[in-house]
Amino acid sequence: MDGKWGPKTKAAIVTVQKGAKGNLTWILQATLYMEYYSTFGKGTETALEKFQKAKKITADKKAGKAFFTELFAA
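Every value quoted in this text rests on a predicted model; they were computed, and no experiment measured them.

A. Geometry of the overall build of the protein chain. For the protein chain, the helix and strand inventory stands at four helices and zero strands. Order of helices (α) and strands (β) in the protein chain, N terminus to C terminus: α-α-α-α. Relative to a compact globule of 74 residues, whose C-alpha radius of gyration would be 11 Å, the protein chain shows 12 Å and is just as compact. If you line up the protein chain on its principal axes, its C-alpha atoms span 35 × 25 × 20 Å. In the protein chain, the proportion of contacts linking residues at least 24 apart, taken out of those at least 6 apart, comes to 34%.

In structure tokens:
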């Protein structure tokens, strides 16, 4: 990553899927929470889907390139 929302950072994005654990999951939950989506309990997947639908990107319940692009490109 290059510290900017540029080509190197975009190329380094991994997809966070259901069942993922660790820092990436925590970061995903925190970013959704900052966007006013509840991630408490098992709400992360629901929050992710709502975010995707609101942003008109494929609601596949996976936090991948489209999700992070929409989140950080603004």
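B. Inspection of the nonpolar core at higher detail. In this structure, Ile13, Val16, Leu28, Leu32, Tyr37, Ala47, Leu48, Phe51, Ala63, Phe67, Phe68 and Leu71 together form the largest nonpolar core, which totals twelve residues. For this core, the secondary-structure elements that each account for two or more residues are α2 (23–34), α3 (43–54) and α4 (65–72).

The rules behind the values
Residues numbered from 1 in each chain as written. Predicted model: local features only at pLDDT ≥ 70, side-chain atom pairs only at ≥ 80, totals over all residues. Heavy atoms only, no water. Helix = DSSP H or I, 4+ residues; strand = E, 2+ residues; numbered from the N terminus. Rg over C-alpha atoms; globule rule 2.2 N^0.38 Å. Contact = heavy atoms within 4.5 Å. Core = buried A, V, L, I, M, F, W, Y, C linked by side-chain atoms within 4.5 Å. Buried < 20%, exposed > 50% of the residue type's maximum accessible area, 1.4 Å probe, protein only.

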